[in-house]
Amino acid sequence: MKSALSLLALCALTACGGGGSESLTEHPQPVCVQPVEVVGLFGDSTQAGSITRTTEVDRPPAVLLQSALDQRFGAGVVQVVDRAVGGTTLAQLRAGADGLNQPWPKSLTGMTRAVVNHAINDTREHVTAAEIADAYRAMTAQSPIPVMVQTPVPIQPWWVEWPGLQDALAATAAAMRKLPNVIDVNAMTFAPTEQPDGIHPTQAAYERIVSDHVAPAVIAAIEAARCEATK
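Note that the structure is predicted; figures quoted are calculated from it, not measured. (Residues numbered from 1 in each chain as written. Predicted model: local features only at pLDDT ≥ 70, side-chain atom pairs only at ≥ 80, totals over all residues. Heavy atoms only, no water.)

Quick look at the overall build of the protein
Part 1 of the reasoning: From N to C terminus, the protein includes 8 helices and 5 strands.
Part 2 of the reasoning: Of the regular secondary structure in the protein, the N- to C-terminal order runs α-β-α-α-β-α-β-α-α-β-α-β-α.
Part 3 of the reasoning: When burial is assessed residue by residue, the protein has 42% of its 231 residues classed as buried.
Part 4 of the reasoning: Residue pairs in contact within the protein that sit at least 24 positions apart in sequence constitute 76% of those at least 6 positions apart.
Part 5 of the reasoning: Carbon and sulfur atoms make up 57% of the accessible area of the protein, which totals about 11900 Å². (Helix = DSSP H or I, 4+ residues; strand = E, 2+ residues; numbered from the N terminus. Buried < 20%, exposed > 50% of the residue type's maximum accessible area, 1.4 Å probe, protein only. Contact = heavy atoms within 4.5 Å. Areas by Shrake-Rupley, 256 points an atom, 1.4 Å probe, with all protein chains shown as cover.)

This is the structure we're talking about:
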C-alpha cells in the first residue's frame, strides 16, 4: 500500500501519464519562473524629467517607462523606481553623495536591473570620456544586477553656457557606446522646440526617448532573461 501511495505522489510531481513508459528525464517539463522585476532609474535632471533647472514635466521618464512596462507585462508585474537626482554626477552616485542614494551598489537592494543616465554634469566638470567609461565599467563589475547604460541627451548647437560641452559629450557618448547594454539616446536628434533651454527635453521629447529607446531596451532585456515555455 505504501508503495502505491509513493507512486501516486511521484506521478503528481512529475505529471506522468497513464502509459507509464516515458520517464521525466526523457521529457523534462520546463519550469518558467517570472518574478516581479524592479527597475531602478538613476541619473541627473534629464532622467528626473526636468524641463528647466527648477521645473519637471508631469510625466517624467520613470512614469513613462512604468506605463510602457504595464502595457507589455501587465500592471505591477514590473515596477519602476525613480532614483534620479537633478544636478548630480556619476561620481556622486558612486559615492552615495547625491542626496538620495547610498554608495554604489547599496541602493540596488531589492532591484533586479538598473538604468543609469549620467555624463552631462561629469563632462561639465571636465571628467574625460575615458574616465566616465571606466567608471561605468567599474560600476557594472560591482553590481549584483544587470546595469544598462544610457548615453546623455544631445544638446542644442546654440547652447553655449558650458563652452565645448557639445563636443565633449559627443566624445563621451562614443566611449560609452563601447560598453555593454547601452541605450543610445545621444544618437537621437531633437528640434530646438524640443529642448527650449538647449539641454532639457520637453514632455514630448521625453516620451520619444522612452518609447523609442529606453522602453524597448528594458523590455528586450527582461524578455531575454525569462524562461520560454516549450509550446
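Next comes the rest of the write-up.
Some details on the side chain of Glu37
Part 1 of the reasoning: Mapping Glu37 onto the fold places it in strand 1 (residues 37-43).
Part 2 of the reasoning: Residue Glu37 is classed as buried on the basis of its relative accessible area of 7%.
Part 3 of the reasoning: Not counting residues up to four positions away in its chain, the partners in contact with Glu37 are Val77, Val78, Gln79, Thr112, Arg113, Ile222 and Arg226.

A look at empty space enclosed by the protein
Part 1 of the reasoning: Per the counting criterion, the structure on display carries 1 cavity of 30 Å³ or more.
Part 2 of the reasoning: When its volume is computed, the largest cavity comes out at roughly 30 Å³.
Part 3 of the reasoning: If you trace the largest cavity, you find it lined by Thr46, Gln47, Pro61, Gln150, Tyr206, Ile209 and Val214.
Part 4 of the reasoning: Contributing elements (two or more residues each) for the lining of the largest cavity: helix 2 (45-48) and helix 8 (203-225).
Part 5 of the reasoning: Among the elements that make up the lining of the largest cavity, the one with the highest residue count is helix 8 (3 residues).
Part 6 of the reasoning: The residue inventory of the lining of the largest cavity, partitioned by class, reads 4 nonpolar, 3 polar and no charged. (1 Å grid on protein atoms, 1.4 Å probe; cavity = no way out; pocket = protein on both sides within 12 Å on 5 of 7 lines; lining within 4 Å. Points joined across faces, edges and corners; volume = space filled by probe spheres on them. Nonpolar A, V, L, I, M, F, W, Y, C, P; charged D, E, K, R; others polar.)

Considerations on the pairing of strand 4 (residues 147-150)
Part 1 of the reasoning: Here strand 4 shows a buried face lined by Val147 and Val149 and a second buried face lined by Met148 and Gln150.
Part 2 of the reasoning: Of the strand pairs in this sheet, strand 3 (residues 113-117) and strand 4 are connected by 3 bridges, and their pairing is parallel. Looking at strand 4, one finds that Ala114 is bridged to Val147.
Part 3 of the reasoning: One crossover worth recording links strand 4 to the parallel strand 5 (residues 182-183) by way of helix 7 (residues 165-176), and it is right-handed. (Pairing = 2+ DSSP bridges. Right-handed = clockwise from strand over helix to strand, strands pointing away.)

Thoughts on the confidence of the model for the protein
Detailed reading of predicted coordinates is not advised where the pLDDT is low.
Part 1 of the reasoning: Confidence along the protein averages 86 in pLDDT terms, with 83% of residues attaining 70 or more.
Part 2 of the reasoning: In this model residues 1-25 is a low-confidence stretch, pLDDT under 50, and it forms 6 contacts with partners more than four residues away in sequence or in other chains. (pLDDT = per-residue confidence, 0-100.)

So, the packing of aromatic side chains
Part 1 of the reasoning: Per the stated rule, a full pass over the model turns up 1 aromatic pair.
Part 2 of the reasoning: Geometrically, the ring pair formed by Phe42 and Trp104 is edge-to-face, given 5.8 Å between the ring centres and 75 degrees between the ring planes. Here Phe42, found in strand 1, pairs with Trp104, found in the loop between helix 4 (90-95) and strand 3; they are 62 residues apart in sequence, far enough to count as distant. (Phe/Tyr/Trp six-rings, centres within 6.5 Å; stacked < 30°, edge-to-face > 60°.)

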